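Coordinate inspection notes
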Amino acid sequence: MEIYVLGPGVGESVVVRMPDGRTVVVDCCVDDGTNLPAALLDDLGVDHIDLLVLTHPDLDHVRGMADLVRRFRPVRVWRYPRGLLRDTLQVLGGMTTAAGAERFVEARAANDALDELLQTTGTVAHTTSGAVWSPPGAGYRVVALAPTPYDEARAFARARELVERARGRVRLTAQAEAWFSGERPLGDLPNMVSIGLVIELGARRIVLGGDIENGDGTPHSGWRGVRAQLARPDVGLGALM
């Protein structure tokens, strides 16, 4: 197995070449106009992605994703729960503020590319904890650790605070306007739905944590929530502990 970590300082992306030749790509990033995972895949002679994971919609994880999807046509895609920002993205077409535009233009472009792929292949899945990718006979598996159901619900509740209906129209709330204008920090909302992964190969456990955080302090949130989910007998992933 070969693991390439790309983009510290300009973004985050991880490319994993599996022992059987399959390729897993987690997130995307661009440096000085160069799509880093795409350039690496070209250098390695890889013409398609077997599993592509879009962990969450922060700019340093989604920049360049649309180009990556269209060039390398992934066989299977896991993406964070899309409902989090779908309504918000729909009302951001006219946004021009530096704090809001680039982040959500890139996220929307990535989702558009993935929607196109979904319509042609049907292999794009909104992914939460417990999802498993294990090709037949491969001898390894990739398991989604997060988001937990608790954090997914927590994120959706926060996202509903971003938009409001007035006179039959959807618009950004004052809080969201403050976000996108840069008056208030974005906070941890995107990270609440971050997909985290573990690759299980024989006795090895390789964790790609995305941007999972410590959560809200309850046993159901963040890394505590991940451990609680793995420990549940009905989930069947206790071996990963």
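See the structure printed just above.
Residues numbered from 1 in each chain as written. Predicted model: local features only at pLDDT ≥ 70, side-chain atom pairs only at ≥ 80, totals over all residues. Heavy atoms only, no water.

1. Structural notes on the sheet that holds strand β7 (residues 76-79)
Pairing is mixed across the open sheet formed by 6 strands, whose spatial order is β1-β2-β3-β6-β7-β8. Lying at the two open borders of the sheet, with one neighbouring strand each, are β1 (2-6) and β8 (124-126). Geometrically, the sheet is characterised by an average inter-axis angle of 15° between neighbouring strands, direction not taken into account. Summarising the sheet, β1 and strand β2 (residues 13-17) pair through 5 bridges and their orientation is antiparallel. Paired with Y4 across the bridge in β2 is V15. Against the sheet, helix α3 (residues 65-72) touches β3 (23-26) and β6 (51-54), its axis set at about 165° to β6. (Pairing = 2+ DSSP bridges. Helix = DSSP H or I, 4+ residues; strand = E, 2+ residues; numbered from the N terminus. Axes fitted to C-alpha atoms, helices over the stretch in contact; angles between N-to-C directions. Contact = heavy atoms within 4.5 Å.)

2. Some remarks on the packing of helix α1 (residues 36-44) against α3
Running from N to C, α1 and α3 point in directions that differ by 25°, and their axes come no closer than 9 Å. By the criterion of interaxial angle, the relationship of α1 to α3 is roughly parallel. Listed contacts from α3 to P37, A38, L41 and D42 of α1 are L68, R71 and F72. Its residues placed into classes, the contact of α1 with α3 shows 5 nonpolar, no polar and 2 charged. (Parallel < 35°, antiparallel > 145°, perpendicular 65-115°, else oblique. Nonpolar A, V, L, I, M, F, W, Y, C, P; charged D, E, K, R; others polar.)

3. So, the nonpolar core
Counting 33 residues, the largest nonpolar core has L41, L52, M65 and L68 as the members making the most contacts within it. Of all the secondary structure elements, the ones that give two or more residues to this core are α1, β6, α3, α5 (98-121) and α8 (189-192). Among the elements that line this core, the one with the most residues is α3, at 5 residues. The contact partners of L41, leaving out residues within four places of it in the chain, are V15, T23, V25, V46, I49, L68 and F72. Ranked by size, the runner-up nonpolar core spans 17 residues in total, among them V24, L51, L197 and L208. (Core = buried A, V, L, I, M, F, W, Y, C linked by side-chain atoms within 4.5 Å. Buried < 20%, exposed > 50% of the residue type's maximum accessible area, 1.4 Å probe, protein only.)

4. A few points about the pairing of β3
Here is the key point about a regular strand: its side chains alternate between the two faces of the sheet. With burial as the criterion, each face of β3 is covered, one bearing T23 and V25 and the other bearing V24 and V26. Counting the residues in the hairpin turn of β2 and β3 gives 5 residues, including G21, whose phi is positive at 95°.

5. Quick look at helix α6 (residues 149-159)
Taken together, the buried positions of α6 are occupied by D151, R154, A155 and A159. Buried positions in α6, seen along its axis, are confined to an arc of 135° and lie on one side of it. (Arc of directions from axis to C-beta.)

6. Points about the pairing of β7
In this sheet, β7 lies alongside β6 in parallel orientation, the contact comprising 4 bridges. In the strand pairing of β7, L54 is matched with R79. Pairing of β7 with β8, which is carried by 3 bridges, proceeds in the parallel orientation. Bridge pairing in β8 links W78 to A125.

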